[in-house]
There are 2 protein chains.
Amino acid sequence: MEIIVLGREDIKKILELDKVIEGVRKVYCLKSEGKTVVWPSLEYHFEEEKAVMDIRSGYVKDENLHGAKMLNNFPLNIELGIPSFCGMLLVFDSKTGVPLGVMDAAYITSMRTGAAAALGVKALARKDSKNLLIVGSGLQSIYMLAATLIAMPQIEKVRIADPFKYENAVKFAENAIERLTNEFKIENLDKIEFCAVKDLSEALNDTDAVITITRATSPIIKKEWVKPGTHFSCIGADMIGKEEIDPEIFRDARIFADDIVQCISFGEMEIPYKMGIITRESIAGELGEVLSGKIEGRKTDDEITIFDATGLALLDLVTGKVAIDLAKEKGLGTIVEI
Amino acid sequence: MEIIVLGREDIKKILELDKVIEGVRKVYCLKSEGKTVVWPSLEYHFEEEKAVMDIRSGYVKDENLHGAKMLNNFPLNIELGIPSFCGMLLVFDSKTGVPLGVMDAAYITSMRTGAAAALGVKALARKDSKNLLIVGSGLQSIYMLAATLIAMPQIEKVRIADPFKYENAVKFAENAIERLTNEFKIENLDKIEFCAVKDLSEALNDTDAVITITRATSPIIKKEWVKPGTHFSCIGADMIGKEEIDPEIFRDARIFADDIVQCISFGEMEIPYKMGIITRESIAGELGEVLSGKIEGRKTDDEITIFDATGLALLDLVTGKVAIDLAKEKGLGTIVEI
């Protein structure tokens, strides 16, 4: 048997964000049709190393794919000059159990997470949304921004906030056009204004859609700052105890999950759910149900909508399969007899 | 970053069973000292394909290793001419989260499972044991036999039974010496008698140690057949509903687990535990506690001892690391930039 092994540079050459968005949309829809299985996720904290690992796994029936992803986040690596975010994705053929490929999981995770955030904005923000606010200027933020600009060409203004270090937001805003052009081949960026913001309450005055992508463990955004009609794609909170927005924002919002079980267990919904601000019945549904037309997304221009994304191996598997197919087509990657 | 990718043939060239036995012994001991973490295992049944997959994962602190193994068992593959048993093992450095290697998991699983069975026999069978009975003549049985002959050079007679197809046991016994010599480099086999047996009740009359390695889901061995002083290493039952020996055998036996939580959840102990024949207090301990001298194994020549092994990713990780180190030393495997 042969498998293909793909490194980060191989995948960077191959994967195009618009195709990833389309793949993620398809998986969310398949999930809403009961054609996927999400296996329980696993996480572990390495105390001494101040690090965390998680294993996500699942099965995409219609695509005959199953597999697992192990992702490690070791922030102290930065001081050692090695990536903080390392992981591997295993993709198997579900008709035979034969391995199809093994690959770096960090880049795929970033791409599919950006796609998820963007699909949340596209499906649940007001159609006339022009002002985007990205909260968080870490490694993942550029993927959220790139995918959202592809999915929402009507965006005119992008604000970047960093609740922990304003200068990082400034740097991010300064480099945004260059990175979006070079790394994601996005064109016509000159009509978009990019700026860093210090005062979130002020920024939220005319923000239409917010993407939160931080490591926060207590709310950064207060309910009283939020104007009617705002959309939130909450991406950062993907483990127990992480939290980015005021739980009170959930009280009257129209709420969607990528996976309800995961979101109430360890997503942005975890805290409001545990506090009793929301119940399972408060959740309108999963994003896939909106994307496949099963349920309505936003109902009025005035309501707050929230998409809570905790991450699904299903997205990685489908994105990984796209990478495998393209790599074979283009002669990239390493074929190994296994 | 570079990782090494090892295929089944690479690993076959590298791994020696005595080193695997030593590695497994070490991990069991580390486990008894609280220096390992076993993360919850996961299994899924593919109805249509009559197949099953499981994910085992864990952390060996002292060795700075963590990782996961996904193993697929698709028995219908045989008709397609592809292996029924496919899987991959991911090994990471737990100080940095950096991936060290990726490899075929099927061969490593067979080798470390054989080592586990053999360590059970060595630690818990009577020291003067001469007669070994292997129940099951499938793909895994040769590994159990080879490891036990290495660990127990006093064995003089090996009986093979196949409760489902006697002819398979006959074939197995006929080929045993050749396979043990060629595949495992075991010498001095001419002093050992190998034979297939049809009647288990008769065979158990003068059997000292039994290794069960079948896919049975109801007992093959009845309590009334078992003479005092017999040892059982129960290997086949590693998923809910699997069962190889009469639950009543557990009633007065001295019982050991590879991992107590796993064994009562889905090992050979599952059924007697659910039936109330044993409680958690009936379990003397884990094999690692015996191997490290923390608790006594067999107490008298007359008692029945049972070792229930459900399989631990810890064993795969340490075995995988041995393979990685030897491969680098010998210039085998494929180095890939990841």
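On a predicted model such as this, the values are computed, not experimentally measured, just so you know. (Residues numbered from 1 in each chain as written. Chains lettered and ligands numbered in written order. Predicted model: local features only at pLDDT ≥ 70, side-chain atom pairs only at ≥ 80, totals over all residues.)

Undergrad: So what about the overall build of chain A? Which residues, and what values?
TA: Along chain A, the regular secondary structure elements total eleven helices and 17 strands. For 338 residues, the compact-globule estimate of 2.2 N^0.38 gives 20 Å, and chain A sits close to it at 19 Å. Its C-alpha atoms give chain A principal-axis dimensions of roughly 60 × 45 × 45 Å. Within chain A, the fraction of its 338 residues that count as buried is 57%. For chain A, restricting intrachain contacts to residue pairs at least 6 apart in sequence, the fraction spanning at least 24 positions comes to 74%. (Helix = DSSP H or I, 4+ residues; strand = E, 2+ residues; numbered from the N terminus. Rg over C-alpha atoms; globule rule 2.2 N^0.38 Å. Buried ≥ 20, exposed ≤ 12 C-beta atoms within 10 Å, placed from the backbone. Contact = placed C-beta atoms within 7 Å.)

Undergrad: An account of the sheet that holds strand β16 (residues 305-308) of chain A is needed here, citing residue identities and associated values.
TA: All names here are of chain A. With parallel pairing, the eight strands of this open sheet are ordered in space as β9-β8-β7-β10-β12-β16-β14-β15. For this open sheet the edge positions go to β9 (193-197) and β15 (283-286), each flanked by a neighbour on one side alone. Looking at each pair of strands side by side, their axes are set apart by 20° on average, direction ignored. Its contacts with the sheet place helix α4 (residues 106-124) against β10 (209-212), β12 (231-234), β14 (254-257) and β16, and it is angled at close to 160° to β12. Packing of helix α5 (residues 141-151) onto the sheet brings it into contact with β7 (131-135), β8 (157-161) and β10, and relative to β7 it is tilted by some 160°. (Pairing = 2+ DSSP bridges. Axes fitted to C-alpha atoms, helices over the stretch in contact; angles between N-to-C directions.)

Undergrad: Requested: an account of the nonpolar core, with residues and values cited.
TA: Formed by 227 residues in total, the largest nonpolar core has its most connected members in Leu119, Ala146 and Ala147 of chain A together with Leu119, Ala146 and Ala147 of chain B. With near-sequence residues (within four places) excluded, Ala146 of chain A lies in contact with Leu17, Gly114, Leu180, Phe184 and Ile186 of chain A. (Core = buried A, V, L, I, M, F, W, Y, C linked by C-beta atoms within 7 Å.)

Undergrad: Please give an account of the packing of helix α2 (residues 17-32) of chain A against α4 of chain A that cites residues and values.
TA: Residues and elements named next belong to chain A. α4 packs onto α2 with a crossing angle of 65° between their chain directions and a minimal axis gap of 9 Å. As summarised for this structure, α2 and α4 are arranged roughly perpendicular, according to the angle between their axes. In this structure, the crossing between α2 and α4 has a hand that is right-handed. Only Met111, Arg112, Gly114, Ala115, Ala116, Ala118 and Leu119 of α4 make contact with α2, whose side of the interface consists of Leu17, Val20, Ile21, Val24, Arg25 and Tyr28. Its residues assigned to classes, the contact of α2 with α4 comprises ten nonpolar, one polar and two charged. (Parallel < 35°, antiparallel > 145°, perpendicular 65-115°, else oblique. Left-handed = near helix turned anticlockwise from the far one by under 90°. Nonpolar A, V, L, I, M, F, W, Y, C, P; charged D, E, K, R; others polar.)

Undergrad: I'd love a proper account of the pairing of strand β10 (residues 209-212) of chain B, names of residues and values included.
TA: Residues and elements named next belong to chain B. Burial along β10 is two-sided: the residues Ala209 and Ile211 and Val210 and Thr212 are all buried. The pairing of strand β7 (residues 131-135) with β10 spans four bridges and is classified as parallel. The residue of β10 that forms the bridge with Val135 is Thr212.

Undergrad: I'd like to hear about the environment of Lys130 of chain A, residue by residue, with values.
TA: Residue and element names in this part refer to chain A. Along the polypeptide, Lys130 turns up in the loop between α4 and β7. The class of Lys130 is partly exposed, set by 15 C-beta atoms lying within 10 Å. Sequence-wise, Lys130 and Asn168 are 38 residues apart; in three dimensions their C-alpha atoms are separated by 23 Å. If we skip the residues at most four places from it in the chain, Lys130 touches Gln154, Ile155, Glu156, Lys157 and Asp208.

Undergrad: Can you break down unusual backbone geometry residue by residue, with the values?
TA: Although it is not a glycine, Asn188 of chain A adopts a positive phi angle of roughly 55°. In this structure, Asn188 of chain A sits in the loop between α6 (166-184) and β9. In this model, Lys50 of chain B sits at a positive phi of 50°, which is unusual for a non-glycine residue. Structurally, the position occupied by Lys50 of chain B is in the loop between β2 (36-46) and β3 (51-60). The exposure class assigned to Lys50 of chain B is exposed, which follows from the 11 C-beta atoms found within 10 Å.

Undergrad: Got a sec to walk through the relation of the copies chain A and chain B? Specific residues and values, please.
TA: Each of the two chain copies can be brought onto the other by rotation about an axis and movement along it. At an RMSD of 0.0 Å, chain A and chain B line up after a rotation of 180° and a shift of 0.0 Å along the axis. Seen this way, the second copy is the image of the first under a two-fold rotation axis. (Least-squares fit on C-alpha atoms with pLDDT ≥ 70 in both.)

Undergrad: Account for the domain arrangement of chain A, with residues named and values stated.
TA: Residue and element names in this part refer to chain A. As far as domains go, chain A holds domain 1 (2-108 + 314-337) and domain 2 (125-310). Computed over C-alpha atoms, the centres of domain 1 and domain 2 are 24 Å apart. Residue assignment for the side of domain 1 that touches domain 2 shows that the elements contributing at least two residues are α2 and β2 (36-46). Top contributing element to the side of domain 1 that touches domain 2 by residue count: α2, with eight residues. (Domains from an automatic or database assignment.)

Undergrad: For the interface of chain A and chain B, give the residues involved together with the corresponding values.
TA: With 40 residues of chain A at the interface, the matching set in chain B holds 39 residues. Elements represented by at least two residues in the side of chain A that touches chain B include exactly α1 (8-14), β2, β3 (51-60), β4 (65-73), β5 (85-93), β6 (99-104) and β17 (334-337) of chain A. It is β2 of chain A that provides the largest number of residues to the side of chain A that touches chain B, a total of six residues. Residues that form the side of chain A that touches chain B fall into these classes: 24 nonpolar, ten polar and six charged.

Undergrad: Tell me about α4 of chain A, and name the residues and values.
TA: Its 19 residues place the ends of α4 of chain A 27 Å apart at the C-alpha level, agreeing with the 27 Å of an ideal helix rising 1.5 Å per residue. Counting buried positions along α4 of chain A gives 19 out of 19 residues, so the element sits mostly inside the fold. (Expected span 1.5 Å × (residues − 1).)

Undergrad: Residues and numbers for the sheet that holds β17 of chain A, please.
TA: All names here are of chain A. If you walk across this open sheet you meet the seven strands as β2-β3-β4-β5-β6-β1-β17, and the pairing is mixed. If you trace the sheet from one side to the other, it starts and ends with β2 and β17, each paired once. Mean inter-strand twist for the sheet, computed between neighbouring axes without regard to direction, equals 15°.

Undergrad: Kindly report on the pairing of β7 of chain B, identifying the contributing residues and their values.
TA: All names here are of chain B. Summarising burial for β7: four of the five residues are buried, a large majority. Note that β7 and strand β8 (residues 157-161) share five bridges and pair parallel. Residue Asn131 lies in a different strand from β8, and its bridge partner there is Lys157. In the classification by handedness, the crossover that spans β7, the intervening helix α5 (residues 141-151) and the parallel β8 is right-handed. (Right-handed = clockwise from strand over helix to strand, strands pointing away.)

Undergrad: So what about α6 of chain A? Which residues, and what values?
TA: Residue and element names in this part refer to chain A. The axis of α6 is deflected most strongly, by about 50°, at Asn175. In the core, the buried residues of α6 are packed alongside α2, α5, β8 and β9. Lys185, located one to two residues past α6, shows a positive phi value of around 55°. (Bend = angle between axes of the 7 residues up to and from the residue.)

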